[in-house]
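Each chain, written out:
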Amino acid sequence: MSRYSTYAGYVKLQDDEVLTAIENIKEDGEKIDFDHRLLRGAAESSQKRIAREILKRLRNAPKSIWKEIPALSSKERRIALYYLILKAHSFLFDFHMEVLLQKWRKMDRSFSKKDVLRFIEKNMDEHPEMENWSEKSKKNISHTVNLLLDQIDMIDENQELQPVHAAGSLWELFIREGETWFLEAMLLNKQERERLISSISQ
């Protein structure tokens, strides 16, 4: 079982930084790396920290998906960047699948930052590391979740859950890699998911 980290409260899409990394990636067999000094506008210590975070996301996701990110539209790129975050951060992945997706399946569209706090309290027995989290850390995480969902248009102006819409070509990237779970995570209904999968397999 992966440990949960308070770093989930500081995760951002980091559009520009991820694009810089992908466009300058160096591959050595299965290993990937890039020069952290290419990340401008930050002290070297921050550059190294950001580079480690981006490489963690890329290493946890299929190369065929993240290689396509620079060619995506701004909206589709945000969705793909969120996918990278879910692949790299177990707390955010578990919250999304165990809370947001389950709410949607029960036709409960409500969302609030309190959902994140309740998830933390509920899972302390399985993740005792969270017992030491400060109230500030918990609030940071709930704020981060809210911001990310807003950036990918999964919550509307009333803070209610809604499906994430994108071109079929974006979903094709995930389907071809067997990552169809992500389509449901984006709240696409069963009929839409089956239609997309069927259109690609033809």
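What counts and how
- Residues numbered from 1 in each chain as written.
- Predicted model: local features only at pLDDT ≥ 70, side-chain atom pairs only at ≥ 80, totals over all residues.
- Heavy atoms only, no water.
- Helix = DSSP H or I, 4+ residues; strand = E, 2+ residues; numbered from the N terminus.
- Rg over C-alpha atoms; globule rule 2.2 N^0.38 Å.
- Buried < 20%, exposed > 50% of the residue type's maximum accessible area, 1.4 Å probe, protein only.
- Contact = heavy atoms within 4.5 Å.
- Areas by Shrake-Rupley, 256 points an atom, 1.4 Å probe, with all protein chains shown as cover.
- Lys, Arg positive; Asp, Glu negative; His and termini not counted.
- Charge placed at Lys NZ, Arg CZ, Asp CG, Glu CD.
- Salt bridge = Lys/Arg side-chain N within 4 Å of Asp/Glu carboxyl O.
- Patch = residues over 30% accessible without salt bridge, like charges linked within 9 Å, V, L, I, M, F, W, Y side chains within 5 Å.
- Expected span 1.5 Å × (residues − 1).
- Arc of directions from axis to C-beta.
- Core = buried A, V, L, I, M, F, W, Y, C linked by side-chain atoms within 4.5 Å.
- Axes fitted to C-alpha atoms, helices over the stretch in contact; angles between N-to-C directions.
- Parallel < 35°, antiparallel > 145°, perpendicular 65-115°, else oblique.
- Nonpolar A, V, L, I, M, F, W, Y, C, P; charged D, E, K, R; others polar.

A. Representation of the overall build of the protein. Of the regular secondary structure elements, the protein holds ten helices and two strands. Its helices and strands in sequence order give the protein the pattern α-β-β-α-α-α-α-α-α-α-α-α, from N to C terminus. Scaling as 2.2 N^0.38, a compact globule of 202 residues should have a C-alpha radius of gyration of about 17 Å, and the protein matches this with 17 Å. Oriented by its inertia axes, the alpha-carbon framework of the protein measures out at about 50 × 45 × 35 Å. The proportion of buried residues among the 202 residues of the protein is 47%. Taking all contacts inside the protein whose residues are at least 6 apart in sequence as the whole, residues at least 24 apart take part in 66%. Element-wise, carbon and sulfur atoms account for 44% of the exposed surface of the protein, whose accessible area totals about 11,100 Å². Between the centroid of the 33 positive side chains of the protein and the centroid of its 34 negative side chains there is a distance of 3 Å.

B. Up close: the pattern of salt bridges. Applying the stated criterion across every chain, the model contains 16 salt bridges. Residues R37 and D35 are paired through a salt bridge, measuring 3.0 Å at the closest nitrogen-oxygen approach. E179 is the salt-bridge partner of K87, the closest N and O atoms lying 2.9 Å from each other. Taken together, the residues span a long stretch of sequence, with K87 in helix α4 (residues 74-88) and E179 in the loop between α8 (168-176) and α9 (181-185) at a distance of 92 residues.

C. View of a negative patch on the surface. Residues E98, D125, E126 and E131 make up a contiguous surface patch of negative charge. Along the polypeptide, E126 turns up in the loop between α6 (113-122) and α7 (135-151). The exposure class assigned to E126 is exposed, which follows from its relative accessible area of 52%.

D. Structural detail: helix α10 (residues 190-201). Between its first and last C-alpha, α10 extends 16 Å over twelve residues, near the 16 Å set by a 1.5 Å rise per residue. Regarding α10, the residues found buried are R193, L196 and I200. Angularly, the buried residues of α10 cover 65° about the axis, an arc narrow enough to put them on a single face. Exposed and oriented more than 90 degrees from the buried face of α10 are K190, Q191 and S201.

E. Fine view of the nonpolar core. Grouped together as the largest cluster of nonpolar side chains are 67 residues, with contacts concentrated most on F91, W171, F182 and M186. Residue contacts for F182: discarding those within four places in its chain leaves I79, Y82, Y83, L86, W171 and F174.

F. Expanded view of α6. For α6, every residue scored as buried is listed here: D115, V116, F119 and I120. The buried side chains of α6 occupy one side of the element, clustering within an arc of 140° when seen end-on. Of the exposed residues in α6, the ones pointing more than 90 degrees away from its buried face are K114 and K122. On its buried side, α6 packs onto α5 (90-105) and α7.

G. Representation of the packing of α8 against α10 within the structure. With their axes 10 Å apart at the nearest point, α8 and α10 run at an angle of 75° to one another. Here α8 lies roughly perpendicular to α10, going by the angle between them. Only L196, I197 and I200 of α10 make contact with α8, whose side of the interface consists of G168, W171, E172, I175 and R176. Of the residues contributing to the contact of α8 with α10, the split by class is five nonpolar, one polar and two charged.

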